[in-house]
Amino acid sequence: MKTLPLFEDLAEFYNGRNAVAERVETSKLQYMHIPTALDTVIETWVTQKFDVILTGNPGDGKTHLISILQGKGSLLSAYVEKDASQRDTESILQVWQRKRQENVPFVLAINHAPLRNLAAKAKVYPNLEHLVNIPEEIDNCVYYNTPLESKLQRTIVVDLSQREIITPTIVKGIADRLCKQITSTRCNDCPPRKCPVEYNAEALSSDKILHNLVAILTLVARRGFHTTMRDLIGLIAYILTGDKPCAVRWQPIKNEDGRVPTFEDYVYYNLLFKGRSRLFDAIRQTFDPANYSEPDSDAKLWAGAIRDGWLIPEPVVIAPSSLEELKILKRRYFFEHQHDTDKLLQHTLPTTEYEFGTLIKGEFDDPSQVESLIGLINNLYAPLPVHQRADQNYRLRLWNSHRYSVGNRPGYFAMRSIPSDDLTIYRPKANPQIAQAMEIRQDHVLLAVQDWEPGDPSLRIDWPIYQTLMSADYGSPIEVQPFHILRRLDLFLRSLGPEAGSSRHIENIEWSDHQHRTLVSIRINRTNQSYEGVRHP
Amino acid sequence: MNFDFESVFFDQTVERTLFYSPKIEIKPVHLANGLFRAICSKYAEAQDQHTAIYPKAHPNSSVDEQIRGVLNSILSADGALFARAQMSSYTLSHVSHITNDNHDRRTGEWLFTILTHDNGEGQSPALELLDRLLNQDNRQRSDEISTLTLPLTKSNFELKDARLQMPDQHPSSLSIDEAGNFCDPLLYSIRKGFDCIAKHDKVKGNFGEKLDTLRRLVIWGCFSIYLHLTNSGSPDREKRVPMMLSMVESPSPTLRQASTQSYLWVERSIDKFFRTAIHDTLNRIAEEGTYGSWETDADIRQHIQTMTWKPSSGRMQQTEARLAKYTPQCLLFYESYLSDTANQSPRDAFTNAAADMIDQIVSSSPTAVAHSLGTRIGLLSSGPSSRKRYTAVPDLLEVLVRATIPPQEQWTIDELARYWAKHYGLLFGALGDENIRLAEWGINVIDGSSLLDNTEALATILELSGYARRYADGVVLVSVRK
């Protein structure tokens, strides 16, 4: 059995005291620290006398990182404000101003809202006026086309909310640290070779299994979920222990009619879909291998025919006797069987999810992806049978509608359009200043005009918008689509207006009766004030 | 002298007070038509256009059938297209679409007066903006609707001067003090909203955003009328009748109840306004003596027995059978106010009986007009009056934000809540003292978690609509980004 203090330590990482850096003893903090390039880069900046602002959401690891660097003695030459969110803005600025005069680097960890507040008040502090540009600088941590020049003087802003935590290095780093605590002693409470914690620790020490775990977490991140360091450590702590010490592990489960728990109740691939936190909720909503079918392997698993290729041969795989058992086996198969995970996901995931992944990763050429997106947008407003979608992919119509009362739109019209060649796809990149320090979250692309600059027309293609466009493509009518997606599309189409040129001698207006899936095209001669013709596509 | 009840107690009362006449349902498109007509001072006589867009009444037209179908779908989107052009209000976007339809009941002209008011800073920028957008020439027409109707106004088309009806002596709702300021501060809240929307949209309009601008200004106009009617009977001009927004999908019973209770204050406020106004009218005609004496019970009974209830002409004539019911009904109301229980003087009893009769006589009661306008702009949930609640749809929220936050400014959600409460009476939960404010109107307490959820829901809609940014530490900043 793990000693009680050890279990408590692990459990405290899951929704507990150890999850908050401000409350943890330095030794534990240092033990759990996963060094990344960010540590080194901050040390370099401080040596070069730069002021450093670490900002982001609670749980992103701002305080943790500064505490670690302080512990290492890397910030001795700097003035450090570890939790500026709790301090009075004016006093922070006064100290900062003094330190600037003394040429002492200023390092602070601060949440977004107080940082904006601080920026607004900085303009009255000589030598710190440049800090009013902080909000812009936060946005500039990520760029799409060309990086923007910083307006801050010898000050670097790192927005940790943009950092991608779900990387093999970080996940492996955390798993290794937590598993090491378990594998260093043996359990005396569970039957021999039947301790699920030991099993879980052994499994999570496997690179292949960790790769499969990262694959699922990447799907979650791609949908736009921001995983904090706190979330991730909590997740791994939970799937190792099930939030229960071995001494009480096998006692009857109270809320399940006194059922005696089984080994499967505490195995990591089941615990991953049972925990309580935002991240666990997001995993359940995104992908559970038990709920998706892969015809070939499912049939074999059901027949108990897959005997080879298991990364952990014990317990021996037998044919499941119920659907519940098959589901558990499917989870185990996903994590513990030797297979090409990318291929398995390609067969298993719904088309929308898989294609969104290819768009994010840029697996196809961008001009084709632009055409495909244009086709999807046109089809949302003007749904047509496939054989009538003549040039739907090649020109983006600037769809509009009009009525003064609220309610369903009678139809959509478009007089202007943009050729697909005028648009391109941009992917988020880290500002060169921080590019070495961290990876940026890849959960969207930008569909935008060529040579895009901030403020130019662009549409953020993220999971909700992609899902909407695909569901429209499969036949869901525009009336049932979420208002905020339609609004984002409206804003994009309106902003493209100036790109589509001004009035023409002959205008072509398309009218989509989306309810009847018809499209009429009417030509109007402005000079003669006449109709030049009408046609269906 | 023949005494016409509706004419004296409703039309003349309204003429001196509100100016606009809430006795027939007003749709947003009616208000658009009326407001645009007042601003352009024109309406169109375009029979070819009307013939083309209304195939049902005019089967023969030189325009292609498919085009006619499209025109009909687009210009009748608001359901106010009828056989006669001058009874129709098109879903319009150009001066050539303005008709002489009076279904806006002069709300357009009332708003126009607010927009033209010069308080030292000139007229509203909304006037210039709307004038420019509505009068785009044939080459400039930038929206699909006005371009599509361009061929219909080649011949048999004339722009006629619209006759404004606002008297030199403004009605009491628009009264001005010695310094030249509106006496009612609510009018400044309305005007400020128009100005703010126009400032946000001033450079737009040439490329697809024209229709959005027209829609926003019209929705704001409708909200303004609703707001004015709602506060018409408020005893304190500085205090707004509360409108408790219920933004969550499934509101808690306490939130739902409070929202419905706040809605019920509209009816009370309007009722109070009309009782006071009819009282003043009765005193005036009694003093003038035009219709004889109104002092004794016998005088008043005589008037009730002999008065005509509705004008004898007009499209909204009622059947003899229905008209015959009014006299006994009025007598019944009158007697109940005169009874020992109510114990009112004959004139007061008649004032109250007349106010009760208004709802019976006019096509739609003023409360019903407010109710339908509020529903059509998405301020009120649909459904029966007893279960109505305030729930702003995203399009309306967008208009409210654009009417509130000036360009280049960023407000916290608390600042937005304070402004809305002060100027419009809108509450949603961010203030923390909503229950105290509601208690002043006898509205039940809402539980704290419901108010939190409600604020959260509103912030989420604003965030999803691109008007708010939420920070991890709970701060929500609202702005209108370019």
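Placed above this text is the structure.
Computed from a predicted model, the values in this text were never measured in an experiment.

Draft legend 1. Main features of the sheet that holds strand β15 (residues 530–535) of chain A. All names here are of chain A. In spatial order, the strands read β7-β13-β14-β15; together these four strands make up an open sheet with antiparallel pairing. Each edge of the sheet is formed by a strand with only one pairing partner; in this case those strands are β7 (412–414) and β15. Sheet twist, expressed as the average angle between the axes of neighbouring strands with direction ignored, equals 20°. Where strand β13 (residues 506–513) lies against strand β14 (residues 518–525), eight bridges are found, and the strand directions are antiparallel. By the bridge assignment for β14, Glu507 is matched with Ile524.

Draft legend 2. Quick peek at the nonpolar core. In this structure, B:Phe9, B:Phe36, B:Trp294, B:Phe350 and B:Trp420 are the most contacted members of the largest nonpolar core, which totals 155 residues. With 12 residues, the single largest contributor to this core is helix α9 (residues 210–230) of chain B.

Draft legend 3. Geometry of the packing of helix α10 (residues 207–222) of chain A against helix α14 (residues 278–286) of chain A. Residue and element names in this part refer to chain A. It is the contact of α10 with α14, at a shortest axis distance of 9 Å, that shows an interaxial angle of 95°. When the interaxial angle is binned, α10 and α14 end up roughly perpendicular. Taken together, the residues of α14 that come into contact with α10 (itself represented by Ile216, Leu217, Leu219 and Val220) are Leu279, Ala282, Ile283 and Thr286. Considered class by class, the residues forming the contact of α10 with α14 number seven nonpolar, one polar and no charged.

Draft legend 4. Fine view of the environment of A:Leu396. Residue and element names in this part refer to chain A. With respect to the element layout, Leu396 can be found in strand β6 (residues 395–397). Note on Leu396: relative accessible area 0%, which makes it buried. Spatially, the C-alpha atom of Leu396 lies 6.7 Å from that of Ser420, the residues being 24 residues apart in sequence.

Draft legend 5. Quick look at the pattern of salt bridges. In total, this model carries 56 salt bridges over all chains according to the counting rule given. When the shortest N-O distance is used, the salt bridge between A:Glu136 and A:Lys151 registers 3.0 Å. Here A:Glu136 is found in helix α7 (residues 134–139), whereas its partner A:Lys151 is found in the loop between β4 (142–143) and β5 (155–159), with 15 residues between them in sequence. Note on A:Lys151: relative accessible area 44%, which makes it partly exposed. In this structure, B:Arg132 engages B:Glu128 in a salt bridge whose closest nitrogen and oxygen atoms are separated by 3.6 Å. On the criterion of helical spacing, the pair formed by B:Arg132 and B:Glu128 is a turn pair, its members being four residues apart in helix α6 (residues 125–134). Of the residues examined, B:Glu128 reaches a relative accessible area of 49% and is grouped as partly exposed. Within the structure, one salt-bridge network assembled from shared partners comprises A:Arg441, A:Asp443, A:Arg460, A:Asp462 and A:Arg488.

Draft legend 6. Seen up close, the pairing of strand β3 (residues 106–111) of chain A. Residue and element names in this part refer to chain A. Among the six residues of β3, six are classified as buried, and the element is accordingly described as predominantly covered. Going residue by residue along β3, you find Phe106, Leu108 and Ile110 tucked away on one face and Val107, Ala109 and Asn111 tucked away on the opposite face as well. Two elements, strand β1 (residues 51–56) and β3, share five bridges in a ladder whose sense is parallel. By the bridge assignment, Gly56 is partnered in β3 with Asn111. Two strands pair when backbone bridges link them, and strand β2 (residues 79–81) and β3 are joined in this way by three bridges, in the parallel orientation. Note that in β3 the partner of Tyr79 across the bridge is Phe106. In this fold, the crossover linking β2 to β3 by way of helix α5 (residues 89–101) has right-handed handedness.

Draft legend 7. Spotlight on helix α11 (residues 229–241) of chain A. Residue and element names in this part refer to chain A. For α11, which comprises 13 residues, the first-to-last C-alpha distance of 19 Å matches the rise-based estimate of 18 Å (1.5 Å per residue) to within 8%. Among the 13 residues that make up α11, 12 are buried, leaving the element largely enclosed by the rest of the structure. Every buried residue of α11 is accounted for by Met229, Asp231, Leu232, Ile233, Gly234, Leu235, Ile236, Ala237, Tyr238, Ile239, Leu240 and Thr241.

Reading the values: the criteria
- Residues numbered from 1 in each chain as written.
- Chains lettered and ligands numbered in written order.
- Predicted model: local features only at pLDDT ≥ 70, side-chain atom pairs only at ≥ 80, totals over all residues.
- Heavy atoms only, no water.
- Pairing = 2+ DSSP bridges.
- Helix = DSSP H or I, 4+ residues; strand = E, 2+ residues; numbered from the N terminus.
- Axes fitted to C-alpha atoms, helices over the stretch in contact; angles between N-to-C directions.
- Core = buried A, V, L, I, M, F, W, Y, C linked by side-chain atoms within 4.5 Å.
- Buried < 20%, exposed > 50% of the residue type's maximum accessible area, 1.4 Å probe, protein only.
- Parallel < 35°, antiparallel > 145°, perpendicular 65-115°, else oblique.
- Contact = heavy atoms within 4.5 Å.
- Nonpolar A, V, L, I, M, F, W, Y, C, P; charged D, E, K, R; others polar.
- Salt bridge = Lys/Arg side-chain N within 4 Å of Asp/Glu carboxyl O.
- Right-handed = clockwise from strand over helix to strand, strands pointing away.
- Expected span 1.5 Å × (residues − 1).

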